[in-house]
Amino acid sequence: MDDFFGVGSTFNNNLEIAQGGSFGNYAIGIGRTDQTGVIDKTGLQRTNVKFNGMMTPFTKFKIGFSLNYADINVDDFPDEAGNVAFFRTVYETPASYNLKGKPFATATNPYQQILFRAAQNNPYWILENNFRNSRTSRTYGNLFLEYQLAKGLKATYRVGLDNFNTKLERYDELGTGPTGRTTPPSGGQFVLQNQQESQLNSNFFLSYDTNITPDLVLNAIVGNELFDIRRANSSTNSSNLVSGDWPSIANGTTITSSNSKNAQRVVGFYGNLNLGFKEMLYLNLSARKDYASNLPSGNRSFLYPSAGLSFVLTEAVPSLQNLFTFAKLRANYAEVGQLGQLFVNGVGYSAANPGYQFPLNGVAGFLPSSTSISPTLRPENTRSVEFGTELRFLKNRISFDYTYFRSLSDGQIFGIPLPPSTGFSSQVNNAGKMLSRGHEVMVRITPLKNPNFNWDLNINFSKYKTTIEELPGGLSRIELSNASGAVRLVAEKGQVYPSFFGSTYQLDPASGQRVMNSTNGFPLVNPVSQILGTPNPDFEFNFINSLRYKSFQLGFQIDWRKGGLFFSQLQAESRTRGLSVETLDRDQQKVIPGKKGRFVNSNLVIEGDNDIAIYKTNPYWAAVNTITAANLDDASFVRLREVNFSYDLPTTVFKKIGLSGASVFLTGRNLFLITKTFVDPELNMTNTLSGASTGNSVGIEWYQQPQTRSLGGGIRLKF
């Protein structure tokens, strides 16, 4: 792997010109990023241009404007699973065999791969022949207007537009495995995709600030917001290529294409009221009503209110200031509405292909989508209650912020399985209730502080749990994701969301020990699949340090996550193929501790302590890998997330060359990781796994490209 994965690089260059005065202010900037990836022939080039400014033409009127343009060019390879994964062989090649430098294609046919596994790809052949490129042009900006109508009364309008176009080309050369690894080479594809998207956000509101009495302060806002999004997508796939080295639609013998358009508009009306009494008691009330275009016509509007109350103890009881610099209690209630998928207000149709190709005899054929939309579909609704406190001590040298929350989400939108007799495979519907509870703590400490040295330490703690309280239609379980049957993520009533579901070791009911098959000494599989745990952690800590000594600054962040489970398919394959460190003793006979037994008429029969000596070779690990729990590991980790160091050059140095400021800096990310998992536990599938109804694949690794460690440095100059 060290020969295949190289060292990437990133170069960032930014120039900004800014000026301010009585007329207002403006800034013009240009930036360029050039990046090469850790895999050969991958990289990114990005150019950014921006302008923003604010003017006050006359006393009561302000106008602001921002415009940005970005051109982004990306060369990469798709993140696939199974034998389709281009670089699977990199991980599964024996350490004693080096692919680099060896021929990857035959001398007579450059599309005939050479590799010891017929169903996979030689990664060096892939680098030489395949590519994926995307080019995105994005323009976005906003306009800001503010007018003082009267004392305390302002009208504000913001409108923003975000428009981008992405063109993607993917070329899998003739002979790309697994299907193209034939003699002569076959398969291959050229894919051309275009995506256009525009988003418009318009927000107008009136705000009023006044002192009703010397002790009572009022702030009120009423407004209207519009959000409009339009998407257009087209895709053409040309497969079963005729000739190699020709990325063209005309090169394929099977050409399929599709296009789609969808739109969504949400119009909202909202109000917010804040009352403050003697800087001691604060009340906040708000409400918003949205109208959404992509819901069934009878359920397009939804209202979500909120209320909050906070009480500053140190203002109400001044004697408490002997103990606290500041002390506050707070409580909040809020409802939030959330929309589901775009364009769910009807049934889509696609070209029919029921064993023979349409058009047939000049007649086109179409089939309705296999997914139906419930006519009673409504927005998800989350009702949350929050209690907390904020305490500060020793003139703000120590602060403590605690929050407890409880939220009930009603009507989560899922794809619910349907019987074939309905004509559909699933239905988009509101699927029960989920309850979330949790704690959040933020502690800030300044252990040292003087004119030359300062140390700030921020500690963030979070712990939460989400459980399924109810599912629709008598269902007890909904499958969220299925990794080729090896592991599944599910939403199950009464269990944590999401949960791993699958097979586990058969245990002896009397002793709790694992049971080995009395025939071959391999572990027995419990025939009843069950909930195995959740990818969610028990808790998380972030330790963020910031130190300053004169002109030197040092910052670093350490993350600690405890608990949760992580599934690694690479671990399973490495065991089976003898690449894992666990297989080093495969030439030694072992007796696995536990009991031995077998199933007789589906009943477990224990036959005493296990005394069967076995070799842990391929058949043993193949049997183990049929057990989902065998490849679930504790996902706990400690990670040095980020380090940054900077030095501000003395003014005597940079003023001589016409600078107003200069600094140098060094940065690093992912510098070390301590974990028990086979691979980085923050890896997971970026594509939807086969059989997934939601695309939720958190906690599942399936031959993903590894995360990277980065080191960098630079200089900042101000003129």
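Above this text you will find the structure in question.
Notes on the structure follow. (Residues numbered from 1 in each chain as written. Predicted model: local features only at pLDDT ≥ 70, side-chain atom pairs only at ≥ 80, totals over all residues. Heavy atoms only, no water.)

**Section: the sheet that holds strand S25 (residues 515-517)**
Read across the sheet, three strands follow the order S25-S31-S32 without closing on themselves; strand pairing throughout is mixed. Lying at the two open borders of the sheet, with one neighbouring strand each, are S25 and strand S32 (603-609). Neighbour-to-neighbour, the strand axes of the sheet open up by a mean angle of 45°, direction not taken into account. When S25 meets strand S31 (residues 595-600), the two strands line up parallel, connected through three bridges. The partner of Met516 across the bridge, within S31, is Lys596. (Pairing = 2+ DSSP bridges. Helix = DSSP H or I, 4+ residues; strand = E, 2+ residues; numbered from the N terminus. Axes fitted to C-alpha atoms, helices over the stretch in contact; angles between N-to-C directions.)

**Quick look at the pairing of strand S18 (residues 413-417)**
Burial within S18 is extensive, with four of its five residues counted as buried. Sheet analysis places S18 next to strand S19 (residues 426-430), joined by five bridges and oriented antiparallel. Following the sheet pairing, Ile413 is matched in S19 by Asn430. (Buried < 20%, exposed > 50% of the residue type's maximum accessible area, 1.4 Å probe, protein only.)

**Quick look at the packing of aromatic side chains**
Evaluation of the coordinates by the stated rule reveals 27 aromatic pairs. With a centroid separation of 5.3 Å and 85° between ring planes, the pair formed by Phe77 and Phe87 is classed as edge-to-face. Of this pair, Phe77 sits in the loop between strand S4 (61-76) and helix H1 (88-92) while Phe87 is found in the loop between S4 and H1, placing the two residues 10 residues apart along the sequence. Here the two residues Phe77 and Phe87 agree in accessibility, since each one is buried. Judged by centre distance (5.7 Å) and plane angle (35°), the rings of Phe131 and Tyr171 are tilted. On the criterion of sequence distance, the pair formed by Phe131 in strand S5 (residues 131-150) and Tyr171 in strand S6 (residues 153-172) is long-range, its members being 40 residues apart. The exposure class of Phe131 is partly exposed, given its relative accessible area of 32%. Among the aromatic residues, those joined into a ring-pair cluster are Phe4, Phe5, Phe77, Phe86, Phe87, Tyr91 and Tyr124. (Phe/Tyr/Trp six-rings, centres within 6.5 Å; stacked < 30°, edge-to-face > 60°.)

**Examining a positive patch on the surface**
Taken together, the side chains of Arg406, Arg437, Lys463 and Lys465 present a region of like positive charge at the surface. Looking at where Arg437 falls in the secondary structure, it is placed in strand S20 (residues 433-449). Relative accessible area serves as the criterion here: at 33%, Arg437 is assigned to the partly exposed category. (Patch = residues over 30% accessible without salt bridge, like charges linked within 9 Å, V, L, I, M, F, W, Y side chains within 5 Å. Areas by Shrake-Rupley, 256 points an atom, 1.4 Å probe, with all protein chains shown as cover. Salt bridge = Lys/Arg side-chain N within 4 Å of Asp/Glu carboxyl O. Lys, Arg positive; Asp, Glu negative; His and termini not counted. Charge placed at Lys NZ, Arg CZ, Asp CG, Glu CD.)

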